[in-house]
Every structure is written in C-alpha cells, then in structure tokens.
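Spelled out from the first residue to the last, the chains are:
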Amino acid sequence: MTDRADPVKDLEDFRKVLVNERRVRVATALDLRDANGGEGGLWGSDVKSLQEQIEAIDRVIEDERKLIPPRYMSSGLAGS
C-alpha cells in the first residue's frame, strides 16, 4: 500500500470516481430506456447506493479536515 501524504485529496479524488460512475450509470439507464421503449430503469437502481457512498465520503472529508491542525498550530506559532 502506498503511503499517501494527503488523505483529503485522496478522498476528493475517490469522490470524483464515484460521481463519474453515478453519471455513467444514469446515462446508461436512460440510453437503455430509450432503446427499449421505456424499459431500462432498473439499470439505474444502484444510483442510490452510489449516492449513499458519495454522501459518506463527504462526511469523511469533513471529518478529516477537522483532524488537520490549523496551520498556525502546526508551525508552532500558537505559543505555549
């Protein structure tokens, strides 16, 4: 496993992957619906799961940001 220096950036990149996958699934469902005369909606059924994952990643990003000390604390400017 690679040691990553910026967990927030990694999470944001992962979020982008999930958002792209959601968009692909929705587009595929619409294309199938159009091609099959109204059928194909079930192909988009996993969009809910993807959205839940995206929302979970959003919460994790927020949590990670809270864990990062403010710049003045990490640079020793906060005093003793």
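Residues numbered from 1 in each chain as written. Predicted model: local features only at pLDDT ≥ 70, side-chain atom pairs only at ≥ 80, totals over all residues. Heavy atoms only, no water.

**Student:** Which residues make up helix α1 (residues 7-35), and what values do they have?
**Tutor:** Residues lying three or four places apart along an α-helix face the same way, a consequence of the helix completing one turn every 3.6 residues. In this model α1 runs 42 Å from its N-terminal to its C-terminal C-alpha over 29 residues, within 8% of the 42 Å that 1.5 Å per residue would give. Buried within α1 we find V8, L11, L18, V19 and A29. Looking at the buried positions of α1, the neighbouring elements they touch are α2 (47-67). Capping the start of α1, D6 holds a side-chain oxygen 3.2 Å from the backbone nitrogen of V8, two or three residues further along. Of the residues one or two after α1, G37 is the one with positive phi, at around 65 degrees. (Helix = DSSP H or I, 4+ residues; strand = E, 2+ residues; numbered from the N terminus. Expected span 1.5 Å × (residues − 1). Buried < 20%, exposed > 50% of the residue type's maximum accessible area, 1.4 Å probe, protein only. Contact = heavy atoms within 4.5 Å. Polar contact = N/O pair within 3.5 Å; in protein donor to acceptor, adjacent residues only side chain to side chain.)

**Student:** If you had to explain the nonpolar core to someone new, which residues and values would you point to?
**Tutor:** The biggest cluster of nonpolar side chains holds eight residues, and these are V8, L11, L18, V19, L50, I54, I57 and I61. Looking at this core, the elements that each hand over two or more residues are α1 and α2. Beyond its immediate chain neighbours, meaning those up to four positions away, I54 contacts R15, L18, V19 and R22. (Core = buried A, V, L, I, M, F, W, Y, C linked by side-chain atoms within 4.5 Å.)

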